[in-house]
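Structural overview
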Amino acid sequence: MAESEAADLVIIMITGPENPKRLPSAFFLASTAAAMEQNVIMYFTGPATELLKKGVAESIHPLEGGNSIADFMKLAEDNGVRVIGCAQSLDLNGMTVEDLAKSLPLMTPSQALPALGQAGRVLTW
């Protein structure tokens, strides 16, 4: 799907490392919707922005010995989910662009909300 098309599903990620058992479900839902050819965006804001920092998602394992959050994120992205970070939340979490595990679009809430608001469905996680 073209990047300019309104998303079918937006998941606004607020939950971060503080609640690791809550995280996998958001990625499963995003991955499943994208695999069903829906246009899916995950917007990371607040504490969830920490998941985008180098080494953080790799270090979180909701089940001992199980997959890491980085594995769930990769599954989502491999299925076509677009990940966007909140530019203002970098400051909130004491992060800079150089702290990110990879290059990704960053948007302030005022930049993101018009596009995210056009989505068919919006979930807050």
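Remember, it's a predicted structure, so these values are computed and weren't measured experimentally.

Each value, and the rule that gives it
Along each chain, numbering runs from 1 in the same order as the chain's sequence is written. Two thresholds apply to this predicted model, a pLDDT of at least 70 for residue-level local features and 80 or more for giving and counting side-chain atom pairs, whereas whole-chain, interface and lining totals are computed over all residues. To obtain the side-chain values, all non-hydrogen atoms of the structure were used and water was disregarded. Between 30 and 60 degrees the pair is tilted, below 30 it is stacked and above 60 it is edge-to-face, where a pair is any two Phe, Tyr or Trp rings, Trp via its six-membered ring, whose centres lie within 6.5 Å. Strands are runs of DSSP state E lasting at least 2 residues, helices are runs of H or I lasting at least 4, and numbering of each runs from the N terminus. Only protein chains enter the accessibility calculation, which uses a 1.4 Å probe; a residue whose area is less than 20% of its type maximum is buried, one above 50% is exposed, and one in between is partly exposed. Throughout, nonpolar core names a set of buried Ala, Val, Leu, Ile, Met, Phe, Trp, Tyr and Cys residues whose side chains join them through atoms within 4.5 Å. Contacts are assigned to residue pairs that have any heavy atoms within 4.5 Å of one another. Identification of polar contacts relies on pairs of N or O atoms within 3.5 Å, with a donor-acceptor requirement for protein atoms, meaning one able to donate a hydrogen and the other able to accept it, and with residues adjacent in sequence counted only if both atoms are side-chain atoms. A side-chain nitrogen of Lys or Arg and a carboxyl oxygen of Asp or Glu constitute a salt bridge if their distance falls within 4 Å.

Time to look at the packing of aromatic side chains. With the rule as written, the count across this model stands at 2 aromatic pairs. Here Phe 28 and Phe 72 contribute two aromatic rings whose centre-to-centre distance is 5.1 Å and whose plane-to-plane angle is 80 degrees, an arrangement assigned as edge-to-face. A residue pair is termed long-range when its members are at least 10 positions apart, and Phe 28 in helix 1 (residues 23-35) and Phe 72 in helix 3 (residues 69-78) qualify at 44 residues. Given a relative accessible area of 41%, Phe 28 falls into the partly exposed group.

With that settled, the discussion passes to the nonpolar core. By size, the foremost hydrophobic cluster in this structure holds 30 residues, and its most contacted members are Ile 11, Met 13, Phe 27, Met 42, Phe 44 and Ile 69. For this core, the secondary-structure elements that each account for two or more residues are strand 1 (9-13), helix 1, strand 2 (40-44), helix 2 (56-59) and helix 3. Looking at this core, the element that brings in the most residues is helix 1, giving 6 residues. Non-local contacts of Phe 44, meaning those with residues more than four positions away in its chain, are made with Met 13, Phe 27, Thr 49, Leu 51, Leu 52, Met 73, Val 83, Ile 84, Gly 85 and Cys 86. By size, the runner-up hydrophobic cluster in this structure holds 10 residues, among which are Val 10, Ile 41, Cys 86 and Ala 119.

Moving on to unusual backbone geometry. Note: most peptide bonds trans; most residues except glycine with negative phi. Positive phi is not limited to glycine here, since Glu 37 has a value of about 65 degrees. When you line up the elements, Glu 37 lands in the loop between helix 1 and strand 2.

To continue, consider the environment of Glu 98. You can see Glu 98 is positioned in the loop between helix 4 (87-92) and strand 4 (106-107). On a C-alpha basis, the gap between Glu 98 and Lys 53 in space is 8.9 Å, while along the polypeptide they are 45 residues apart. Of note is the side chain of Glu 98, whose polar atom sits 3.0 Å from the side chain of Thr 96.

A word on the pattern of salt bridges. Counted by the stated rule, this structure contains 2 salt bridges. Here Lys 74 makes a salt bridge to Asp 78, at a shortest N to O gap of 2.7 Å. Placement of both Lys 74 and Asp 78 in helix 3 is noted, with a separation of 4 residues, approximately one turn of the helix. What makes Asp 78 exposed here is its relative accessible area of 54%. Residue Glu 77 is joined to Lys 102 by a salt bridge in which the shortest nitrogen-to-oxygen separation is 2.5 Å. One end of the pair, Glu 77, is in helix 3; the other, Lys 102, is in the loop between helix 4 and strand 4, with 25 residues separating them in the sequence.

The next point concerns the side chain of Thr 49. Position of Thr 49 among the secondary structure elements: in the loop between strand 2 and helix 2. Assessed through its relative accessible area of 0%, Thr 49 is described here as buried. Not counting residues within four places of it along the chain, the set of residues in contact with Thr 49 comprises Phe 44, Cys 86, Ser 89, Leu 90, Asn 93 and Met 95.

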